[in-house]
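Below are the chains, spelled out letter by letter.
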Amino acid sequence: MDADQDLRSTVATPHDADGDVAVFGLRREARSGTSSTGEEFRDLAAVRDGVPLIGTGGLGERLWSGPAVTVIGPDAPSVDHAASALVPYVRAKLNLRVHRQQDPGEAQGALVAHVEALRPLGIPLTVTPGDAGPGFEPATGGPAYRAALTALREGWGAEPGFAASVGPIPPVNGLAKAAPDAEVLLFGAQVSMCAQYAPSERVLLSELRGGGLAEAASQREYAAAFGGAS
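Because the structure is a prediction, the values reported are computed rather than measured.

Thresholds, definitions, all that
Residues numbered from 1 in each chain as written. Predicted model: local features only at pLDDT ≥ 70, side-chain atom pairs only at ≥ 80, totals over all residues. Heavy atoms only, no water. Helix = DSSP H or I, 4+ residues; strand = E, 2+ residues; numbered from the N terminus. Expected span 1.5 Å × (residues − 1). Contact = heavy atoms within 4.5 Å. Buried < 20%, exposed > 50% of the residue type's maximum accessible area, 1.4 Å probe, protein only. Axes fitted to C-alpha atoms, helices over the stretch in contact; angles between N-to-C directions. Parallel < 35°, antiparallel > 145°, perpendicular 65-115°, else oblique. Left-handed = near helix turned anticlockwise from the far one by under 90°. Nonpolar A, V, L, I, M, F, W, Y, C, P; charged D, E, K, R; others polar.

For helix α5 (residues 143-156), with 14 residues, the first-to-last C-alpha span of 20 Å sits near the 20 Å given by 1.5 Å per residue. Buried residues belonging to α5 abut α7 (205-225). Positive backbone phi, at 65°, marks G157, one or two positions downstream of α5.

Printed below as a string of structure tokens:
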């Protein structure tokens, strides 16, 4: 039995023929918020001409309000070390991004159940769940957010917009649980092409200037909202 062949057939099953996630129990819904256009996303992601964007529905729905399953690490013979022999053992690490309002344990359980039920060519698979963290959707109508919007207009000279994002920041959920009525804002100086988290990540001086001005102005505006401006 070729374990490598079994693994490849297994990791293909979480997606259907259109590229949509096909795991039962994972939440997905239409998105009505701000989103890039298809052409803007293709330019940002450096998608080559003629290469399609997978999935169906709006771009915001595919990126932010639905699940995503990705193979982020296979352990299998590399091309340089491959031999004409059956592979007895392989493994892969899957990453699951879930809807912001779905319980992460529930979503993880759905993916685990999906994989365990496969049994490719009758072979049972061993699935080991990893850590799971929830999504976060802030309330954006409070005084801190209003102050931040005013500050961002001042710092960047443009109208700010709301967009979903991905970033593993565990303290955010902890703060929200500890102080449910508090507003949570994180300031970062970056633009869409900064290659965030990549080895070649960069920050332009204009980004630092705009971000610094916006952060300082947000404190001024927030203080003024409570009559504390001086």
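Its location among the elements puts R119 in the loop between α4 (104-116) and α5. The spacing of R119 and D6 is 113 residues in sequence and 8.8 Å in space, taken between C-alpha atoms.

Backbone phi values are negative for most residues with the exception of glycine, while trans is the configuration of most peptide bonds. Of note in this structure, R119 is not a glycine but carries a positive phi near 50°. A residue is classified by how much of its surface remains accessible, and R119, at 43% relative accessible area, is partly exposed. Positive phi outside glycine occurs at L121, with the angle close to 55°. Among the structural elements, L121 can be located in the loop between α4 and α5. On the basis of relative accessible area, L121 is assigned to the exposed category, the value being 63%.

Before going further, it helps to examine the packing of α5 against α7. Between α5 and α7, whose axes approach to 7 Å, the crossing angle comes to 140°. Relative to α7, the element α5 lies oblique. Along this stretch, α5 crosses α7, giving a crossing that reads as right-handed. For the pair α5 and α7, contact is made by P143, A144, A147, A148, T150, A151, L152, E154, G155 and W156 and by S206, E207, G210, G211, L213, A214, A217, S218, R220, E221 and Y222, respectively. Along the lines of polarity and charge, the residues of the contact of α5 with α7 split into eleven nonpolar, six polar and four charged.

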